[in-house]
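Residue-level listing of the chains:
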Amino acid sequence: MQSLPFIYHGQSSDWLVREGNTLLVTLITDKAMTYSKVMLRHEPDNEEYLVEMVLSHSDKYLNYWTASFELNHDRDVTHYVFKLLTKQGQFWLAGNGVTRRIPAKESHFKYNACHQPPEWVHQQVFYQIFPDRFCNGKPDISVKQDEYLVSGGKKAVVAKQWGEPVDTKHGYGGCEFYGGDLYGVEEKLDYLQQLGVTALYLNPIFTAPSNHKYDCADYLQIDPHLGTNDHFAQLCDNLHQRGMKVMLDAVFNHTSTEHPWFNLQGLQPTSGAYQSPQSPYRDYYFFDGDSHHYIGWKGIQSLPVLNFENQQVRDYIYQSEDSVIKHWLKPPYQIDGWRFDVIHMLGEGEGAKNNAHYVKAFRQAAKQVNPDCYVLGEHFFEASQWLQGDQEDGAMNYYGFAHPVRALLARLDISFDPIEISVNDFVTWQAEARAKLPWQNQLAQLNQLDSHDTARFLELVKHQPELFKIAASMLFSYVGTPCIYYGTEIGMLGSHDPDNRRTMDWDAVEHSDYLPWLQQLIKIRKQSPALYKGDYMTLHFDDQCLVYARLYQGEVVVSAFNLSKTSIEREIPVWQVNIDETPLTNLLDSSVYLPQNGVLKLSLPPLSSALLSNAVNG
């Protein structure tokens, strides 16, 4: 089968220049390939318009084509794609690559003229902290044994010693407390900065019965076992003075049964929705008539679902000036972002009716207070419909990064079921995920190897730790914003929730084999605009090897991965990124490669990574 020609269009400012409502677009093709016509296709009124592109200039290997066209007037997102004619036929270029026929519209390039994520996001290295398990900075506020009941009054809380195993067999995972708090977070800020972290993502910190706190009982108070509102304001100020950002977890789909609005155990002075059909809060939730039967999130009775058809709920969460979303964005806290838990499930009733309306409303409420607020959604699977710019800035990129990396390297899907994918499948999967989103939203995706909801990646590949290092190299060289789950940098293990929420092993910091590797990757990432905002180009892949490039304003970083257990040699067409005979330095070990006539002869040892740059970082 004849191979496809090299045709490429990036979506950074190197390739797109906007003037008013006009977009100037650049495309490159292999100079050795002749086309009778090169065209840009767009749909200003849902019908095809073809704009002929002009050959603006050429260099040794590449032809550069340009065209201008008007952005859509009737919608925020403009779709476009490229059509190239030869004497024998035609080729098309869309966001997922070159084809011989017109591609489906979902893969067309997308430009959102109205809504862009905050510019600061893609420059960050996030660090996710599960507060109870990170560091105990103030033991006298820690939860005491049998202090109160959780799970609707069925279980007493358990106080455990730091480092004790979590319960994985008896259902006490959410009831066990180890004493981590926000004072401990503040105590470790120097450590985090030395690691290279620039932004914190904190799992829920508002008053709640469980250790995970996804069952909120008071949205306006820091849980007293984690700290106080005043101390959190101090922590935010400390972070901001260090040039760091902070993002909080927003759990607005449901509350705890111990929230005063619900008051299952009758511990609150209010007449809660559970206690009486005449309660003023009854319509805040979904009850079956006058009974005690109500809708819980995914059927979990300790997490009653909120009813956003109720005006008081809307006012309290996002609409009013003193709403929860706005409250924490204002002084004295001035948080920088919200991560919205299960945001795709939120709406009116069990079916998430009018979900898009509420997600847009959340965004608008946050941006009213801080136009640079990062609006992040939690979606375990494909989330393209929320990521066109007008709802979320980015999502926790399970679908486009964590899932395919896990499938390729660990051969397990998110449910621990076996999966076997080829490198071609992997490349196609990621290309499909990228193509569905506007470029700026691709950059604002939050990429992780693991989180509080997944097994730790090293657990999955612990018999081949080299695979963990490959995955980490992908995390810091791929499109999107990297986020480290606490302890990943020291190689912590852990299977399903709650085993993935073990206490941070501070004793391991001094002698971890992984910490220097992560520090090095973070440093490389932060010093390279090509890595944090550059375009993505696949240069080569086969059953054993994957090579891609990130490129921005002349800087190129070639990321190469040997996925086999034997050494390999490959010839990589770096002429495609306009490199002829420029030396390339491996940023991981300082070795130097010298391409010849636009071809890089690449040698890689077994199960290894290389990050080759044409601009050596200091």
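These numbers come from a predicted model, not from an experiment.

### Focus on the sheet that holds strand S23 (residues 394-395)
Spatial strand order, S23-S22-S21-S20-S17-S12-S25-S24: eight strands in an open sheet with parallel pairing. Single-partner strands in this sheet number two, and they are S23 and strand S24 (446-447). Two elements, strand S21 (residues 337-340) and strand S22 (residues 374-377), share four bridges in a ladder whose sense is parallel. Each bridged residue has a counterpart across the sheet, and for Gly 337 the counterpart in S22 is Tyr 374.

### Considerations on the sheet that holds strand S27 (residues 545-552)
Reading across from one edge, S26-S27-S28-S33-S30-S31 is the order of the six strands in this open sheet, with antiparallel pairing throughout. At either end of the open sheet lies a strand with only one pairing partner, and these are strand S26 (535-541) and strand S31 (592-593). Direction of pairing for S27 relative to strand S28 (residues 555-562): antiparallel, over a ladder of eight bridges. Looking at the pairing, Leu 546 lines up with Phe 561 of S28. Contacting S27, S28 and strand S33 (608-613), helix H11 (residues 465-477) crosses the sheet at an angle of about 160° to S28.

### Focus: unusual backbone geometry
Pro 332 follows Pro 331 through a cis peptide bond whose omega is 10°. You can see Pro 332 is positioned in the loop between helix H5 (324-327) and S21. Omega for the peptide link from Asp 497 to Pro 498 comes to 10°, which places this bond in the cis form. Structurally, Pro 498 can be placed in the loop between strand S25 (481-485) and helix H12 (515-526). One non-glycine residue, Asp 146, lies in positive phi territory at about 60°. Unusually for a residue other than glycine, Ser 590 sits at a positive phi of about 70°. Counting through the fold element by element, Ser 590 comes out in the loop between strand S30 (584-586) and S31.

### Some details on the UniProt feature "active site" (unreviewed entry) in the chain
Residues given the UniProt feature "active site" (unreviewed entry) here are Asp 341 and Glu 378. On the basis of their most widely separated C-alpha atoms, the annotated residues across 38 residues gather in one place, lying no more than 5.3 Å apart. Apart from the residues within four sequence positions on either side, Asp 341 is in contact with Tyr 214, Asp 249, Ala 250, Val 251, His 254 and Glu 378. Separated by 3.1 Å, the side chains of Asp 341 and Arg 339 make a polar contact. The exposure class of Glu 378 is buried, given its relative accessible area of 5%. Beyond its immediate stretch of four places on either side in the chain, Glu 378 contacts Arg 339, Phe 340, Asp 341, Val 342, Ile 343, His 344, Met 396 and Asp 453. Of note is the side chain of Glu 378, whose polar atom sits 3.4 Å from the side chain of Arg 339.

### A word on the pairing of strand S6 (residues 54-58)
Consecutive side chains of a regular strand alternate in pointing toward one face of the sheet and then the other. Bridge count for S6 against strand S7 (residues 62-70) is four bridges, and the pairing is antiparallel. Residue pairing across strands places Val 54 opposite Thr 66, the latter belonging to S7. Hairpin geometry of S6 and S7 is characterised by an intervening segment of three residues between the two adjacent antiparallel strands.

### Comments concerning the pattern of salt bridges
Counted by the stated rule, this structure contains 25 salt bridges. Arg 41 is the salt-bridge partner of Glu 48, the closest N and O atoms lying 2.6 Å from each other. Assessed through its relative accessible area of 33%, Glu 48 is described here as partly exposed. Given the relative accessible area of 9%, Arg 41 is considered buried. Asp 390 serves as the salt-bridge partner of Lys 360, at 3.3 Å between the closest nitrogen and oxygen. Taken together, the residues span a long stretch of sequence, with Lys 360 in helix H6 (residues 355-369) and Asp 390 in the loop between S22 and S23 at a distance of 30 residues. On the basis of relative accessible area, Asp 390 is assigned to the partly exposed category, the value being 21%.

### Re H6
Its 15 residues give H6 an end-to-end C-alpha distance of 22 Å, which sits within 8% of 21 Å, the value for a rise of 1.5 Å per residue. Buried residues of H6: Asn 355, Tyr 358, Val 359, Ala 361, Phe 362, Arg 363, Ala 365, Ala 366 and Lys 367, and no others. Buried residues belonging to H6 abut helix H4 (311-319), H5, S21 and S22.

### Brief notes about the nonpolar core
The biggest cluster of nonpolar side chains holds 126 residues, and the ones touching the most others in it are Tyr 127, Leu 200, Phe 232, Phe 252 and Trp 338. If you tally residues by element for this core, the top one is H11, at eight residues. Listed in part, the 29 residues of the second largest apolar core include Trp 15, Ile 28, Ile 568 and Leu 600.

### Remarks on the domain arrangement of the chain
Taken domain by domain, the chain consists of domain 1 (7-112), domain 2 (121-253 + 306-527), domain 3 (254-305) and domain 4 (530-613). Here the C-alpha centroids of domain 1 and domain 3 sit 54 Å apart.

### Focus: the environment of Glu 569
Within the element layout of this structure, Glu 569 appears in strand S29 (residues 568-572). Exposure remark for Glu 569: the relative accessible area of 63% places this residue in the exposed category. A C-alpha to C-alpha distance of 9.5 Å links Glu 569 and Cys 545, two positions 24 residues apart in sequence. The residues contacting Glu 569, other than those within four sequence positions of it, are Leu 602 and Ser 603.

### Quick look at the UniProt feature "site: Transition state stabilizer" (unreviewed entry) in the chain
In the UniProt entry, the feature "site: Transition state stabilizer" (unreviewed entry) is given for Asp 453. Within the fold, Asp 453 resides in the loop between S24 and helix H10 (457-460). Apart from the residues lying within four places of it in its own chain, the contact partners of Asp 453 are Arg 339, Glu 378, Phe 380, Tyr 398, Asn 500 and Arg 501.

### Regarding the state of the cysteines
Applying the stated rule across the entire model yields zero disulfides. Between Cys 114, a cysteine without a disulfide, and Cys 373, which holds the nearest cysteine sulfur, the sulfur-to-sulfur distance is 19 Å. The thiol of Cys 373 is not disulfide-bonded; the next cysteine sulfur, from Cys 236, is found 13 Å away. According to the relative accessible area criterion, Cys 373 is buried, its value standing at 0%.

Conventions adopted
- Residues numbered from 1 in each chain as written.
- Predicted model: local features only at pLDDT ≥ 70, side-chain atom pairs only at ≥ 80, totals over all residues.
- Heavy atoms only, no water.
- Pairing = 2+ DSSP bridges.
- Helix = DSSP H or I, 4+ residues; strand = E, 2+ residues; numbered from the N terminus.
- Contact = heavy atoms within 4.5 Å.
- Axes fitted to C-alpha atoms, helices over the stretch in contact; angles between N-to-C directions.
- UniProt positions renumbered as here; feature names shortened; annotations may be inferred.
- Polar contact = N/O pair within 3.5 Å; in protein donor to acceptor, adjacent residues only side chain to side chain.
- Buried < 20%, exposed > 50% of the residue type's maximum accessible area, 1.4 Å probe, protein only.
- Salt bridge = Lys/Arg side-chain N within 4 Å of Asp/Glu carboxyl O.
- Expected span 1.5 Å × (residues − 1).
- Core = buried A, V, L, I, M, F, W, Y, C linked by side-chain atoms within 4.5 Å.
- Domains from an automatic or database assignment.
- Disulfide = S-S within 2.5 Å.

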